[in-house]
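Given next are the chains, with one letter for each unit.
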Amino acid sequence: MADREEDEELQMALRMSLQGSPPAQPEPKRSKPPQSPAAESPEAEARRKQRELMAAAAEKRLRAAASPGPFSVAPSSPPPPQPEPAPVEPAPAPETAREETEEQEPEPTGVHMEEAKEPEVEEEVEEEGEELPPDVAEKLWAMVFGGGVSKAVLAQWSNQGIRFSSDPETTMGLVQHEGGPCGVLATVQAYVLKYLLFFSDDLSNPEVSNPLYTLGQRRFSQSSFVAGDDFSSLTDDRKTRALVHAMVEILFLCGTGRRAVVASIACVNRGKNDAVLEGLSVESAMDLQKVLRISTFTSRKDAFDILLANIPLFESRLGAMLFLISALLSRGLEYIQADRDDPSQPLVTAPFGHASQEIVNLLLCGEAVPNVFDGKMDLGGGMSLKGIPNNVEVGFLTLLESLNLCKVGQYLKCPKWPIWVVGSESHYTVLFALNPNVQEENELEERESRIRRAFDAQDQSGGGGFISVEGFRQVLRDTDINFPSDKLEDLCNAGIIVWSEFWQALLQLDKRAGGMKDPTGLMGKKQFTIFHFNGIAKSVLNGNASVGGSVPIQRPRLCKLNVTVPPRWNQDEYLADVVSSSTSGSKDDSILSLAPPVQTSQHAPLVDCIRTRWPRAVCSWAGDMPSIV
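Residues numbered from 1 in each chain as written. Predicted model: local features only at pLDDT ≥ 70, side-chain atom pairs only at ≥ 80, totals over all residues. Heavy atoms only, no water.

Colleague: Just to check I follow, could you spell out the pairing of strand β9 (residues 419-423) for this structure?
Modeller: Looking down a regular strand, the side chains alternate between one sheet face and the other. When you tally the buried positions in β9, you get 5 out of 5 residues, the bulk of the element. Neither face of β9 is open: one carries Ile 419, Val 421 and Gly 423, the other Trp 420 and Val 422, and all of them are buried. Two elements, strand β8 (residues 395-398) and β9, share 4 bridges in a ladder whose sense is parallel. Looking at the pairing, Thr 398 lines up with Gly 423 of β9. Where β9 folds back on strand β10 (residues 428-432), the antiparallel hairpin that results is connected by 4 residues. (Buried < 20%, exposed > 50% of the residue type's maximum accessible area, 1.4 Å probe, protein only. Helix = DSSP H or I, 4+ residues; strand = E, 2+ residues; numbered from the N terminus. Pairing = 2+ DSSP bridges.)

Colleague: Help me understand the sheet that holds strand β2 (residues 260-265) in this model?
Modeller: Either a parallel or an antiparallel arrangement is found when strands of a sheet pair, and the pairing is made through backbone hydrogen bonds. The strand order across the open sheet built from 3 strands is β1-β3-β2, with neighbouring strands paired in antiparallel fashion. The open sheet has two edge strands with one neighbour each: β1 (130-131) and β2. Note: β2 against strand β3 (residues 292-297), 6 bridges, orientation antiparallel. In the strand pairing of β3, Ala 263 is matched with Ile 294. Packing of helix α15 (residues 319-331) onto the sheet brings it into contact with β2 and β3, and relative to β2 it is tilted by some 145 degrees. (Contact = heavy atoms within 4.5 Å. Axes fitted to C-alpha atoms, helices over the stretch in contact; angles between N-to-C directions.)

Colleague: I tried to follow the nonpolar core on my own but got confused; where do I start?
Modeller: Soluble globular proteins: nonpolar side chains tend toward being buried together. Among the nonpolar cores identified, the biggest contains 102 residues, and Leu 140, Trp 157, Leu 292, Phe 323, Leu 328, Ile 419 and Phe 432 are the most heavily contacted of them. Residues contacting Ile 419, with those up to four places away along its chain left out, are Ala 190, Leu 193, Lys 194, Phe 198, Val 394, Gly 395, Val 430, Leu 431 and Phe 432. By size, the runner-up hydrophobic cluster in this structure holds 23 residues, among which are Val 607, Ile 610, Ala 617 and Trp 621. (Core = buried A, V, L, I, M, F, W, Y, C linked by side-chain atoms within 4.5 Å.)

Colleague: Just checking my understanding: could you explain the packing of aromatic side chains for this structure?
Modeller: Scanning the model with the defined rule gives 16 aromatic pairs in all. For the ring pair Phe 455 and Trp 499, a centre distance of 5.1 Å and an interplane angle of 65 degrees mean the geometry is edge-to-face. Here Phe 455 is found in helix α20 (residues 443-458), whereas its partner Trp 499 is found in helix α23 (residues 499-508), with 44 residues between them in sequence. With respect to burial, Phe 455 and Trp 499 carry one shared label: buried. Three or more aromatic residues link up through ring pairs in this structure, and these residues are Phe 455, Phe 472, Phe 483, Trp 499, Phe 502 and Trp 503. The ring of Phe 252 carries the charged tip of Arg 300 above its face, separated from the ring centre by 4.5 Å. (Phe/Tyr/Trp six-rings, centres within 6.5 Å; stacked < 30°, edge-to-face > 60°. Lys NZ or Arg CZ within 6 Å of the ring centre and 35° of its normal.)

Colleague: Can you help me understand the side chain of Asp 167 in this one?
Modeller: Turning to its location among the elements, Asp 167 is positioned in the loop between α6 (151-157) and α7 (182-198). Reaching out from Asp 167, the side chain makes a polar contact with the side chain of Thr 170 at a distance of 3.1 Å. (Polar contact = N/O pair within 3.5 Å; in protein donor to acceptor, adjacent residues only side chain to side chain.)

Colleague: What should I look at first to understand the packing of helix α5 (residues 134-145) against α15 in this one?
Modeller: Each pair of packed helices can be summarised by the angle the axes make with each other and by the distance between the axes. Running from N to C, α5 and α15 cross one another at 110 degrees; their axes reach a closest spacing of 12 Å. In terms of orientation, α5 and α15 fall into the roughly perpendicular class. Regarding α5 and α15, the two cross each other, and that crossing is right-handed. Residues Leu 140, Val 144 and Phe 145 of α5 form the contact with α15, whose participating residues are Met 321, Leu 324, Ile 325 and Leu 328. Class assignment of the residues belonging to the contact of α5 with α15 gives a composition of 7 nonpolar, no polar and no charged. (Parallel < 35°, antiparallel > 145°, perpendicular 65-115°, else oblique. Left-handed = near helix turned anticlockwise from the far one by under 90°. Nonpolar A, V, L, I, M, F, W, Y, C, P; charged D, E, K, R; others polar.)

Colleague: Can you help me understand empty space enclosed by the protein in this one?
Modeller: Which parts of space are left empty comes out when a probe the size of a water molecule is rolled across the atoms. Following the criterion strictly, the structure yields 5 cavities of 30 Å³ or more and no others. Put simply, the largest cavity is a space of about 80 Å³. Those elements giving two or more residues to the lining of the largest cavity turn out to be α7, β10 and β13 (526-544). Broken down by element, the lining of the largest cavity gets its largest block of residues, 4 residues, from α7. Its residues assigned to classes, the lining of the largest cavity comprises 7 nonpolar, 6 polar and no charged. (1 Å grid on protein atoms, 1.4 Å probe; cavity = no way out; pocket = protein on both sides within 12 Å on 5 of 7 lines; lining within 4 Å. Points joined across faces, edges and corners; volume = space filled by probe spheres on them.)

Colleague: Honestly, α15 in this entry has me stumped. Any pointers?
Modeller: Because an α-helix packs 3.6 residues into every turn, residues spaced three or four apart end up facing the same way. The end-to-end C-alpha distance of α15, which contains 13 residues, comes to 19 Å, matching closely the 18 Å that a straight helix rising 1.5 Å per residue would cover. By the criterion of burial, α15 is predominantly enclosed, with 13 of the 13 residues buried. Directly after α15, the chain includes Gly 332, whose backbone phi takes a positive value near 100 degrees. (Expected span 1.5 Å × (residues − 1).)

Colleague: Is there a simple way to think about the confidence of the model for the protein in this case?
Modeller: Regions with low pLDDT should not have their predicted coordinates read in detail. Predicted confidence across the protein gives a mean pLDDT of 77, with 66% of residues reaching 70 or more. Residue range residues 542-548 is modelled with pLDDT below 50. Its contacts to residues more than four positions away, or to other chains, number 7 contacts. (pLDDT = per-residue confidence, 0-100.)

Colleague: Hey, could you run me through the pattern of salt bridges in this one?
Modeller: Opposite charge on two side chains makes pairing possible when the charged atoms of those side chains draw close. Tallied over the entire structure, the rule returns 16 salt bridges. In this structure, the salt-bridge partner of Asp 167 is Arg 555, at a minimum N-O distance of 3.4 Å. With Asp 167 in the loop between α6 and α7 and Arg 555 in strand β14 (residues 549-565), the pair connects residues that are 388 residues apart, well separated along the chain. Across the salt bridge formed by Arg 331 and Asp 339, the nearest N and O atoms sit 2.9 Å from each other. A single burial state applies to Arg 331 and to Asp 339, both of which are buried. Where salt bridges share partners, they join Lys 194, Glu 249, Glu 393 and Lys 416 into one cluster. (Salt bridge = Lys/Arg side-chain N within 4 Å of Asp/Glu carboxyl O.)

Colleague: Looking at this model, I keep getting lost on the side chain of Lys 194. Mind explaining?
Modeller: The topology assignment puts Lys 194 in helix α7. On the basis of relative accessible area, Lys 194 is assigned to the buried category, the value being 1%. What Lys 194 contacts, discounting residues up to four positions off in sequence, is Phe 199, Glu 249, Glu 393, Trp 417 and Ile 419.

Colleague: Mind showing me how you'd approach unusual backbone geometry here?
Modeller: Most peptide bonds adopt trans geometry, and most residues besides glycine take a negative phi value. Backbone torsion omega between Ala 350 and Pro 351 reads 0 degrees, so that peptide bond is classified as cis. Position of Pro 351 among the secondary structure elements: in the loop between β4 (348-349) and β5 (354-355). In this model, Asn 404 sits at a positive phi of 60 degrees, which is unusual for a non-glycine residue. With respect to the element layout, Asn 404 can be found in the loop between α18 (399-402) and α19 (410-413). Its identity is not glycine, yet Asp 480 carries a phi of approximately 60 degrees, on the positive side. Structurally, Asp 480 can be placed in the loop between α21 (469-479) and α22 (485-492).

Colleague: Teacher, can you tell me more about the packing of helix α10 (residues 236-254) against helix α13 (residues 300-309) here?
Modeller: Following both chains from N to C, one finds α10 and α13 inclined at 130 degrees, their axes separated by 9 Å at the closest point. Between α10 and α13, the angle falls in the class oblique. Seen along the crossing, α10 lies across α13 with a hand that is right-handed. Along the contact surface, α10 presents Thr 240, Arg 241, Val 244, His 245, Met 247, Val 248, Glu 249, Leu 251 and Phe 252, while α13 presents Arg 300, Ala 303, Phe 304, Leu 307 and Leu 308. For the contact of α10 with α13, the class distribution of residues is 9 nonpolar, 2 polar and 3 charged.

What follows is the structure, encoded as structure tokens:
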């Protein structure tokens, strides 16, 4: 009779182990077997251990037969997707089945029968997540840091948390203490501002980051701190929820809207990270593999809840690195490599450890493409360069465009929300407006944007600003431009068409023929306020008479700029502007008459970035010059 009961228990254990244990679920810990009764015979103990071993073996066979996990780069993985129209979902189907199973059956599955009776063990396994296989850890490490990363670069990336400033003026901003991770921090900052500025009344809703939810929520809802330009009234809870929404949106964007992978550290209890991480060293793929744990979510609410509960971990010194790893694994390592033009180079650039443009683009558009133009550029012979595939929530501007070293496309210049990551040669900062109206365009501005997109689509010069005659004729067809035959012949004589010459011709062509000449002269100038945030902590004196002195504190920098964009120019104004823009910023006096009398023109490299979005913008500010380095 006892043998029969034992056989039934063995069958039950095997059935539980065969209930579709998902590959993303870690192997259950068996370090705490149930205590045997004091009177248990040696034969009964042997049979119990045999049942445990058989159940574990069955689970291992299931995992071996299952498809690779979301971070797998095995040769059996599906081929990389083409960037158009949208990548195939990199997450394997069992992940979806896992969530459905968990929702329908709350009891633990794929766990040994006796272990299921110990809720504390099951909870610990769920929190820690899945180990990263050693070979995947090696590929991940090489992809991020390459083969010869310096200790200085590792120190930058392993000592940067995602933390808000404690300074009241910049309390909405994330503080950067180390160089290098600014590309991650600035991009996360841009998304945080989206939620603080435009979704402040919905931060308690975990689904607010879902595009299906936000589709009908595009109205500007001005909150009290926005109305008064005062960020000091932001509560810690509101900032934390905005940060979690930003992280959820980015990770699901990387996971093509279907999944998010969250990386964490094993054996770190919530709220006690600093003590555990103090002696933790992550200097190699082996170090990373030992401590990294991976959890995959197909529900935004579940991802929101776990990130909210584990915010202290992302505030810790490994926060920026963990979030980058989460984004890479959400996309899938094989898809990351397929996105890139040169997968042999590390994503963290040598020798200074800066985040590459591929990292920034991954967080902005969900793909680790290396370029900032729209779509892809066909080079002929089956070769092409990859740019931004579609519209984005927050955008990107760069000083390099003002130096004619690249061309930022309209997707990044005109995002859904008036927030831009700003790139310089060595640093990333954030530019933002409080009112979406700064993005609104009148009829001719919209037409200019359309013409520019059509021109850029034919530009195979890598952003050099010229196209072939055949490409030019396609632009004219796409934009309904009708040049007189003699003017068309003049433009095509040289064999190539340069944007500046094309634009001059458009300024002389009446808008009824598809040009930009406006005989009514009704287009007025724009005036608006915009803010620039630099997260690098800078020492400043904090005067405090009550304690009898000034002490240096570390705080980021926030600058408020007044911007005036002059009316559309006629041909003479355009030619004058070409001359003035080729000289130093001190020549801005040539267009001061177009600005309000009380405003003086000031120049800084940030102004050059702003002018790539609003040509000939005149800027002024109070206090220190806004810095993009």
